[in-house]
Amino acid sequence: MSGGFLDRSSTIAAPNFNRFCVPPAAIAVHLAIGQVYAFSTFNIPLTRLIGLSESAPGDWSQKQVVWIFSIAIAVLGSSAAVFGRWVERVGPRKAMLVAALCFAGGFLVGAIGIHLHSLWLLYAGYGVLGGCGLGIGYISPVSTLIKWFPDRPGMATGMAIMGFGGGALIAAPLSVMLMAHFKSATSNGVLESFVTMGVIYFMFMVIGVIAVRVPPPDWKPAGWIAEAKPKALVTSGNVAASVAWRTPQFWLLWGVLCMNVTAGIGVLGVASPMIQEIFSGRVTAASAAGFVGLISLFNMGGRFFWASISDYIGRRATYMLFFLLGILLYSTVPTIGFGGHIGLFVAAFCIILSMYGGGFATIPAYLRDVFGTMEVGAIHGRLLTAWSVAGVLGPVLVSNLRDYQLAHGVPKAQAYSVTMYVMCGMLLIGFLCNLSMRPVDAKHHHQSP
Amino acid sequence: MKARLVLLWLIVGVPLAWGVFKTLQNVIKLLQ
């Protein structure tokens, strides 16, 4: 591929181009990188590389292996922040290709790490290199989609970010199938699965690279006229990424995302043991796995549903709904648990997780409303550091609160009650951040030279 | 252009539908 093919100028769409060809390009990238959410399927096999059927002396421990995922998520947030402006400058095609090379390269370097039994190579490969692919890939189609769909920015970015949620649904059964296929007397199949997945995901992401197009400058959908009197928070100006992060609005939205994600991610991590402990004797480990699958579906579906709804009711109202409904649901979950209503309990968490996904998917359109389209991808990249913080904060908070409760003699079935009330507090902080949102002062708007 | 549009949606739609189907299969199997 020549440099020309990858240049932003080569990706400008022809006049008769159908804009609905762009979301699949974005989804192709997000479906691939969404694999990270299913990385846990490799955790146990990675602890049995020597012993194969059981862990043997010299095998890595579970505690060492889970760091691969944590590093990848931390690097996702930081690389999105660091490379955001570069992504805006070079355009989506080059950024998507670099993301594909990093993500697939992460698998291949990881495979070498497995072959040499070097955990550090796995951390550097899948964790750091793959994590860069995750961060760049996550933000690369966002501003392009927003520019193609000025009339429905929530729906457009919701589709792509739904792909990220869907990626886990594909990767979990795919990894299990590949490991079963490659299993032999000398290998548990994880090395071969890494190589195969690296190749498959690279090819899949390249489809996005080829298909993506940017709209010509000042392009608008046929017949679409921007609202004469835009909604309260929607700006007509543009704010540069280097200026945006110095505004209070950026940090309020950072708080909105961080609180919304913390409340969801903490529960997502402990969903299986939580339902088994609250309904002890009534929910088996197998049923709990079904519960995790169900909430993953709602996590994915909520991304498209809520982001699309936000185009009609507004971004601030959508987050108000997330926080108020979230507080209501989290505060009633302990009562539902004590009452033994499994169906209501499952329904409550399905709604909570749909709002968790919805929070991710609606934030790019919220940023576009507040800061304009000029560098929305770069601003989104910087805001994703809230995800990295929440990724640590949520699980740590939930597991520590549970351990503290158990250490003080609280029965297992009730050990999550305080956690639920703490989540309500976090959602309240998010609610207040969202309530404080005001339009960005016009002095921050970018002035064209 | 229409063929390209359909093809692109099939490329991403089929694997996604497969993933949703496999998950639902597990959910139903496990919740029974």
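Predicted model, so just to flag it, every value in this text is computed and none were measured. (Residues numbered from 1 in each chain as written. Chains lettered and ligands numbered in written order. Predicted model: local features only at pLDDT ≥ 70, side-chain atom pairs only at ≥ 80, totals over all residues.)

> Help me understand helix α6 (residues 119-139) of chain A, please; the structure alone is not making it clear to me.
Helical geometry note: an α-helix holds 3.6 residues per turn, so side chains three or four residues apart project in the same direction. All names here are of chain A. For α6, which comprises 21 residues, the first-to-last C-alpha distance of 29 Å matches the rise-based estimate of 30 Å (1.5 Å per residue) to within 8%. Taken as a whole, α6 carries its principal kink of about 30 degrees at G130. Of all the 21 residues making up α6, 16 are buried; the element is thus mostly covered by neighbouring parts of the structure. (Helix = DSSP H or I, 4+ residues; strand = E, 2+ residues; numbered from the N terminus. Expected span 1.5 Å × (residues − 1). Bend = angle between axes of the 7 residues up to and from the residue. Buried ≥ 20, exposed ≤ 12 C-beta atoms within 10 Å, placed from the backbone.)

> Honestly, the packing of helix α4 (residues 62-90) of chain A against α6(A) in this entry has me stumped. Any pointers?
Two numbers describe a pair of packed helices, the interaxial angle and the distance between the axes. Residues and elements named next belong to chain A. One way to put it is that α4 packs onto α6 with a least axis distance of 6 Å and a crossing angle of 40 degrees. The angle between α4 and α6 places the two elements in the oblique class. In this structure, α4 meets α6 at a crossing whose hand is right-handed. Here the residues of the contact of α4 with α6 sort into 19 nonpolar, eight polar and no charged. (Axes fitted to C-alpha atoms, helices over the stretch in contact; angles between N-to-C directions. Parallel < 35°, antiparallel > 145°, perpendicular 65-115°, else oblique. Left-handed = near helix turned anticlockwise from the far one by under 90°. Nonpolar A, V, L, I, M, F, W, Y, C, P; charged D, E, K, R; others polar.)

> Would you mind going over the confidence of the model for chain B with me for this structure?
Detailed reading of the predicted coordinates is not advisable wherever pLDDT is low. Here chain B shows a mean pLDDT of 89. Residues at 70 or above account for 91%. Scoring of the predicted complex yields 0.90 for pTM and 0.95 for ipTM. (pLDDT = per-residue confidence, 0-100.)

> Looking at this structure, how should I read helix α8 (residues 153-182) of chain A?
Compared with an ideal rise of 1.5 Å per residue, which puts 30 residues at 44 Å, α8(A) spans 43 Å between its outermost C-alpha atoms and is within 8% of the ideal. Most of α8(A) is tucked away: 24 of the 30 residues are buried.

> When you look at the packing of helix α11 (residues 248-278) of chain A against helix α12 (residues 285-313) of chain A in this model, what are you seeing that I'm missing?
Residues and elements named next belong to chain A. Remark: α11 packs on α12, axes separated minimally by 9 Å, with the N-to-C direction vectors making an angle of 130 degrees. Viewed along their axes, α11 and α12 adopt a mutual orientation that is oblique. Both α11 and α12 take part in a crossing whose hand is right-handed. The residues of α12 that touch α11, namely those facing A271, S272, I275 and Q276, are A285, A288, A289, F291, V292 and I295. Of the residues that constitute the contact of α11 with α12, the class distribution is eight nonpolar, two polar and no charged. (Contact = placed C-beta atoms within 7 Å.)

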